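Observations on chain architecture
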Amino acid sequence: MLLGGLYYLYEGIVTDAASFLDDAFTEDPKLDRYFDVLALHPYAHYPQQATPEQNDGREQPVGQMVSRIHSLLEYYGARRPIWVTEVGWPVYGTVDEKTQASFITRAAVELMAAGADRICIYTLDDGPNPTAFPPEDAFGLFRNDGTPKPAATALQTMLRIDPSLVLSADQSSAGVRRYVFSSAATPEVDVVYATDGTMHDIELAPGTAVVALDGTATTTTSTTTSISGDPIFLLSR
């Protein structure tokens with residue numbers, strides 16, 4: 001049984017997830033006997049325009065949202081998995097299709113790194129009025145005519161590498177996220193991207209396969225490569 005899904009941030013009449021959960025456990029300290037999984041919607045303020053990592057007082061990083069709910073569950077002795085049952089960005093305002101692909105992929109990686117056990121993207125297909133406001137018809141991974149947006153290709157690229165990957169190390173630095181994932185089948189995959197809007201050079205071993213969001217793969221002969229806000233996947237040979 002799932003509890004939620006809880007909307008993390010305070011938005012008008014919607015109580016934020018942390019306050020709601022704290023109040024619920026205060027009323028019933030054994031609340032966890034009623035649910036097996038906590039469902040969370042780690043959205044930025046609607047309609048989403050912020051990056052998944054933005055942290056400026058109004059916005060909070062999606063990974064931080066998961067981490068804080070994990071901590072709250074731990075505080076009450078409720079060791080329950082967290083499923084992100086809805087997260088996404090509409091193609092609206094400053095978010096075009098390419099940006100949507102980058103943000104959704106980055107969000108999935110940040111949520112995985114923070115310990116989310118399941119992630120569900122909202123939503124598969126655009127509605128019939130993707131340019132209307134509010135932009136509920138513009139969240140899709142596919143356009144209304146069934147053609148894929150870059151976001152669909154990006155997630156397909158990530159899943160094809162290995163859907164069972166789990167975080168094994170966080171090698172992030174200022175302005176750069178670098179997460180190392182591994183599984184029984186895949187010793188190491190680095191997911192790397194910039195979060196400060198600038199280009200960065202990163203080190204890598206010669207012969208590393210660099211996979212872009214569109215699935216294009218190249219094998220490096222250099223010990224450095226440049227990254228932007230679009231995640232790349234590094235596979236050692």
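Structure's up top.
As the structure is a prediction and not an experimental result, all values here were calculated from the model. (Residues numbered from 1 in each chain as written. Predicted model: local features only at pLDDT ≥ 70, side-chain atom pairs only at ≥ 80, totals over all residues. Heavy atoms only, no water.)

Further remarks concern the pairing of strand β7 (residues 189-194). For β7, the tally of buried residues reaches 6 of 6 residues, placing the bulk of the element in the interior. Neither face of β7 is exposed, since V189, V191 and Y193 on one face and D190, V192 and A194 on the opposite face are all buried. Note: strand β6 (residues 176-182) against β7, 6 bridges, orientation antiparallel. The residue bridging R178 from the neighbouring strand is V192, located in β7. Here β6 folds back onto β7, and the loop between the two strands holds 6 residues. Across 4 bridges, the pairing between β7 and strand β12 (residues 232-235) is antiparallel. Note on β12: the bridge partner recorded for D190 is L234. (Buried < 20%, exposed > 50% of the residue type's maximum accessible area, 1.4 Å probe, protein only. Helix = DSSP H or I, 4+ residues; strand = E, 2+ residues; numbered from the N terminus. Pairing = 2+ DSSP bridges.)

Bringing the side chain of T186 into the picture now. With respect to the element layout, T186 can be found in the loop between β6 and β7. A polar contact is formed between the side chain of T186 and the side chain of D162, at a distance of 2.7 Å. (Polar contact = N/O pair within 3.5 Å; in protein donor to acceptor, adjacent residues only side chain to side chain.)

Moving on, we come to the packing of aromatic side chains. Between two aromatic rings, the relevant description is the distance of the centres plus the angle of the planes. Inspection of the entire model under this criterion finds 7 aromatic pairs. Their ring planes at 10° and their centres at 4.7 Å tell us that F25 and Y76 sit as a pair that is stacked. Linking F25 in helix α1 (residues 17-27) with Y76 in the loop between α2 (62-75) and β3 (82-87), this pair joins segments that are 51 residues apart in sequence. Plain terms: the ring middles of Y92 and F133 are 5.8 Å apart, the flat faces sit at 45° to each other, and that makes the pair tilted. Taken together, the residues Y92 in the loop between β3 and α3 (97-114) and F133 in the loop between β4 (118-121) and α4 (150-161) connect sequence positions 41 residues apart. On the basis of relative accessibility, which here comes to 30%, the residue Y92 falls in the partly exposed class. Looking at F133, the relative accessible area reads 56%, which means it is exposed. Through pairs of rings, three or more aromatic residues link up here, namely F25, Y75 and Y76. (Phe/Tyr/Trp six-rings, centres within 6.5 Å; stacked < 30°, edge-to-face > 60°.)

To describe two helices that pack against each other, one gives the angle between their axes and the distance between the axes. The N-to-C vectors of α2 and α3 enclose an angle of 25°; their axes lie 8 Å apart at closest approach. Classified by the angle their axes make, α2 and α3 are roughly parallel. Handedness of the crossing formed by α2 with α3: right-handed. Only A107, E110, L111 and A114 of α3 make contact with α2, whose side of the interface consists of V62, G63, V66, S67 and H70. Here the contact of α2 with α3 is composed, by residue class, of 5 nonpolar, 3 polar and 1 charged. (Axes fitted to C-alpha atoms, helices over the stretch in contact; angles between N-to-C directions. Parallel < 35°, antiparallel > 145°, perpendicular 65-115°, else oblique. Left-handed = near helix turned anticlockwise from the far one by under 90°. Contact = heavy atoms within 4.5 Å. Nonpolar A, V, L, I, M, F, W, Y, C, P; charged D, E, K, R; others polar.)

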